[in-house]
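# Observations on the three-dimensional arrangement
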Amino acid sequence: RAIGEYEVKFNIAGDRFINFADCAARFIADGARLVRFGERTGSEILVSFGESQMALGSSRGGLSYRGLRNLLTPTPEKTTPKAATKIWFPDLKVMAARESSDPAHGMFVAMKGGNNNESHNHNDIGNIIVYHDGNPVLIDSGVGTYTKQTFSSRRYELWFMQSSYHNLPDIGGVAERNGGAFRSSDEVYDEATGGVKMEIGHAYPAEAGILSYTRETVLTSGVVTMTDTLFLTEEKEIDFHYMSPVKPTLEGNTIALAEGRTMTFDPRLTPEIEEFEVKDGGIERNWKSPVLWRIHLRIKAKEGSYTVTVK
């Protein structure tokens with residue numbers, strides 16, 4: 001039952017899923033099989049989720065007998081999927097929170113900890129994604145088309161594997177490093193708010209000069225608040241990055257994002273919006289665009305706490 005419900009909990013809405021590391025951003029599950037899974041394990045949310053996936057047109061069978069079983073499973077006329085508003089995976093160190101139990105309504109945020117040596121990992125400790133009404137606002141660009149390089153010693157030369165192209169900062173021009181030693185720690189999940197706070201400074205190598213770097217993310221009353229608190233060995237340029245699937249527009253100390261959402265940032269931060277070519281067919285298909293946008297918020301500091309909100 002827990003294995004089946006894991007898929008439900010990683011669903012954002014419809015065919016969109018939390019896509020940390022190499023996970024797919026869009027996917028239609030084998031809904032009929034999930035309905036049977038839910039019935040056998042007594043999971044109402046898995047049955048409901050399976051029915052909602054069937055309504056999207058899922059007909060995956062994999063094996064021939066599963067395909068035949070799927071053909072004999074009637075598609076429900078109406079589905080009303082419900083989702084948990086607060087989710088925490090204590091082993092994966094992944095948090096998800098949503099404004100409404102209706103997955104297609106309101107704000108959604110997810111954040112991950114863990115380590116940079118997980119299976120199919122990217123260098124992405126502390127990464128967050130934000131959706132609204134089931135549609136992307138701040139994204140994990142995901143994995144590109146698998147090639148020889150994807151699973152070679154040059155894996156982390158690919159831009160989409162690097163923390164610099166996730167919703168994470170460079171510290172003094174230094175990004176996160178791959179390997180099990182580069183990880184989060186001191187994760188604290190707040191069951192009341194559904195928010196999480198964790199130390200992510202260990203995800204960076206020593207040359208970043210980080211004494212401590214905590215990130216706290218919480219969704220309250222439809223507002224996603226991300227607070228980064230850093231203590232460095234010396235003053236360095238901190239370059240916070242946020243990835244957008246559409247062109248952001250700068251308006252004072254706010255940035256207009258997808259879905260009519262706005263990002264408000266600390267006025268001490270200097271903004272810049274960068275457009276770049278993805279140059280990968282898989283990522284182009286994910287976001288239906290040959291380009292993506294990276295928001296930079298920069299400051300030179302030795303220590304400080306910086307808050308960004310999306311609403």
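Because the structure is a prediction, the values reported are computed rather than measured. (Residues numbered from 1 in each chain as written. Predicted model: local features only at pLDDT ≥ 70, side-chain atom pairs only at ≥ 80, totals over all residues. Heavy atoms only, no water.)

Take the pattern of salt bridges next. Scanning the entire structure with this criterion turns up 14 salt bridges. With a shortest N-O distance of 4.0 Å, Glu187 and Lys93 are connected by a salt bridge. Of this pair, Glu187 sits in strand E11 (residues 185–189) while Lys93 sits in the loop between strand E3 (86–89) and strand E4 (94–98), and the two are 94 residues apart along the sequence. Judged by relative accessible area, which is 22%, Glu187 ranks as partly exposed. Arg154 is paired through a salt bridge with Glu157; the nearest N and O atoms lie 3.0 Å apart. For Glu157, a relative accessible area of 49% corresponds to the partly exposed category. Several salt bridges converge on common partners, so that one network encompasses Lys112, Glu118 and Asp124. (Salt bridge = Lys/Arg side-chain N within 4 Å of Asp/Glu carboxyl O. Helix = DSSP H or I, 4+ residues; strand = E, 2+ residues; numbered from the N terminus. Buried < 20%, exposed > 50% of the residue type's maximum accessible area, 1.4 Å probe, protein only.)

Another aspect to go through is the layout of surface pockets. Here the largest pocket defines a volume of roughly 350 Å³. Taken together, 23 residues line the largest pocket, and the ones lying closest to its centre are Asn11, Ser52, Pro81, Lys82 and Pro103. Elements with a minimum of two residues in the lining of the largest pocket: helix H1 (2–9), strand E1 (11–13) and helix H3 (44–55). Sorting elements by how many residues they give to the lining of the largest pocket places H3 first, with six residues. Here the lining of the largest pocket is composed, by residue class, of 13 nonpolar, six polar and four charged. In this structure, the second largest pocket spans a volume of roughly 250 Å³. If you go around the second largest pocket, the residues you meet are Tyr6, Glu7, Phe10, Phe17, Ile18, Cys23, Ala24, Phe27, Ala29, Asp30, Arg33 and Leu34. For the lining of the second largest pocket, the elements supplying multiple residues, two or more each, are H1 and helix H2 (31–41). Each residue belonging to the lining of the second largest pocket can be placed in one class, and the counts come to nine nonpolar, no polar and three charged. (1 Å grid on protein atoms, 1.4 Å probe; cavity = no way out; pocket = protein on both sides within 12 Å on 5 of 7 lines; lining within 4 Å. Points joined across faces, edges and corners; volume = space filled by probe spheres on them. Nonpolar A, V, L, I, M, F, W, Y, C, P; charged D, E, K, R; others polar.)

Before going further, it helps to spend a moment on the nonpolar core. In terms of nonpolar packing, the biggest core is built from 42 residues, with Leu138, Met263, Leu297 and Val310 touching the most fellow members. Residues contacting Leu297, with those up to four places away along its chain left out, are Ile238, Asp239, Phe240, Tyr242, Ile255, Met263, Phe265, Leu269, Thr270, Pro271 and Val308. (Core = buried A, V, L, I, M, F, W, Y, C linked by side-chain atoms within 4.5 Å. Contact = heavy atoms within 4.5 Å.)

Quick look at empty space enclosed by the protein now. Applying the stated rule across the entire model yields one cavity of 30 Å³ or more. The computed volume of the largest cavity comes to approximately 40 Å³. Lining the largest cavity, in full, are Met226, Asp228, Phe240, Tyr242, Leu269, Leu297, Tyr306, Thr307 and Val308. Within the residue set of the lining of the largest cavity, elements represented by two or more residues are strand E14 (223–244) and strand E19 (291–310). Grouping the amino acids of the lining of the largest cavity by side-chain chemistry returns seven nonpolar, one polar and one charged.

Bringing the packing of H2 against H3 into the picture now. Following both chains from N to C, one finds H2 and H3 inclined at 170°, their axes separated by 7 Å at the closest point. Taken as axis vectors, H2 and H3 run roughly antiparallel relative to one another. Classified by chirality, the crossing of H3 by H2 is left-handed. Residues Gly31, Ala32, Leu34, Val35, Phe37, Gly38, Glu39 and Thr41 of H2 form the contact with H3, whose participating residues are Leu46, Val47, Phe49, Gly50, Glu51, Gln53 and Met54. Residue composition of the contact of H2 with H3, grouped by class: eight nonpolar, five polar and two charged. (Axes fitted to C-alpha atoms, helices over the stretch in contact; angles between N-to-C directions. Parallel < 35°, antiparallel > 145°, perpendicular 65-115°, else oblique. Left-handed = near helix turned anticlockwise from the far one by under 90°.)

Time to look at the packing of aromatic side chains. Applying the stated criterion across every chain yields a total of 13 aromatic pairs. Judged by centre distance (5.3 Å) and plane angle (70°), the rings of Tyr165 and Phe276 are edge-to-face. Here Tyr165 is found in the loop between strand E8 (135–138) and strand E9 (169–171), whereas its partner Phe276 is found in strand E18 (residues 270–277), with 111 residues between them in sequence. Using a relative accessible area of 11% as the deciding quantity, one classes Phe276 as buried. Over the ring of Tyr165 we find Arg294; its NZ or CZ atom is 4.0 Å from the centre of that ring. (Phe/Tyr/Trp six-rings, centres within 6.5 Å; stacked < 30°, edge-to-face > 60°. Lys NZ or Arg CZ within 6 Å of the ring centre and 35° of its normal.)

What follows deals with the side chain of Asp22. Here Asp22 shows up in the loop between strand E2 (16–17) and H2. You can call Asp22 buried: its relative accessible area is 11%. Of note is the side chain of Asp22, whose polar atom sits 2.9 Å from the side chain of His120. (Polar contact = N/O pair within 3.5 Å; in protein donor to acceptor, adjacent residues only side chain to side chain.)

A word on the packing of H1 against H3. Taken N-terminus to C-terminus, the directions of H1 and H3 make an angle of 50°; their axes are 9 Å apart at the nearest point. Judged by the angle between their axes, H1 and H3 are oblique. When you trace H1 past H3, the crossing you get is left-handed. For the pair H1 and H3, the contacting residues are Gly4, Glu5, Glu7 and Val8 in the first and Ile45, Leu46 and Phe49 in the second. Among the residues making up the contact of H1 with H3, the classes are represented as four nonpolar, one polar and two charged.

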